[in-house]
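Each chain, letter by letter, is given below.
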Amino acid sequence: QVQLVESGGGLVQPGGSLRLPCAASVRMSSFDVVGWYRQAPGKQRELLAAITRPGGTNYADSVKGRFTISRDNAENTVYLQMNSLKREDTAVYYCKADLWSGPLQHEYWGQGTQVTVSS
């Protein structure tokens, strides 16, 4: 049973930083792609950052230069380092891991962690 658990959310002031871990119950390096998403009230869930099995990364324009995704294989964890946080970054943050087996895609989601940016 694959499980993803996000943590690290909380209340932070504008301009502050947070680091969100996403811990997996299996080897994180076994997934083809791991991504961080967020969903704000009344908005669609959006992809923020992703890291591929070989270690390539990509970012949404809204977070490029402020957020960094990284992977610690020894700890089976993917991190989202968030700097220069803005009020509009307030949302529930989720990680998702994708694994392709031939033509079949398996998706695994965490339960989410709330991030609130407010003074």
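A brief report on the enclosed structure follows. The structure presented is a predicted model; accordingly, all values stated were derived computationally and were not measured.

**Examining the pairing of strand β8 (residues 77-82)**
Taking burial as the measure, the six residues of β8 include five buried ones, the bulk of the element. Inspection of the sheet shows strand β3 (residues 18-24) paired to β8 by six bridges, in the antiparallel sense. Looking at β8, one finds that R19 is bridged to Q81. Both strand β7 (residues 67-72) and β8 contribute to a ladder of six bridges, which runs antiparallel. Each bridged residue has a counterpart across the sheet, and for T68 the counterpart in β8 is Q81. Joining the antiparallel neighbours β7 and β8 is a turn of four residues, in which N76 adopts a positive phi near 50°.

**A closer look at the pattern of salt bridges**
Within this structure, the stated rule accounts for seven salt bridges. For D89, the salt bridge is made with R38, and the minimal N-O distance between the two is 2.8 Å. Highlighted residues: D89 in the loop between β8 and β9 (91-101) and R38 in strand β4 (residues 33-39), separated in sequence by 51 residues. Classification of D89 by relative accessible area gives buried; the value is 0%. Note on R38: relative accessible area 6%, which makes it buried. In this structure, the salt-bridge partner of D89 is R66, at a minimum N-O distance of 2.8 Å. Of this pair, D89 sits in the loop between β8 and β9 while R66 sits in the loop between β6 (57-59) and β7, placing them 23 residues apart in sequence. Classification of R66 as buried rests on a relative accessible area of 10%. In the salt-bridge network here, residues are joined through shared partners; they are R38, E46, R66 and D89.

**Topic: the sheet that holds strand β1 (residues 4-6)**
In space, the four strands of this open sheet follow the order β1-β3-β8-β7, with antiparallel pairing throughout. Each end of this open sheet is capped by a strand with a single partner; those strands are β1 and β7. Ignoring which end each strand starts from, the neighbouring axes of this sheet average 15° apart.

Calculation notes
- Residues numbered from 1 in each chain as written.
- Predicted model: local features only at pLDDT ≥ 70, side-chain atom pairs only at ≥ 80, totals over all residues.
- Heavy atoms only, no water.
- Buried < 20%, exposed > 50% of the residue type's maximum accessible area, 1.4 Å probe, protein only.
- Helix = DSSP H or I, 4+ residues; strand = E, 2+ residues; numbered from the N terminus.
- Pairing = 2+ DSSP bridges.
- Salt bridge = Lys/Arg side-chain N within 4 Å of Asp/Glu carboxyl O.
- Axes fitted to C-alpha atoms, helices over the stretch in contact; angles between N-to-C directions.

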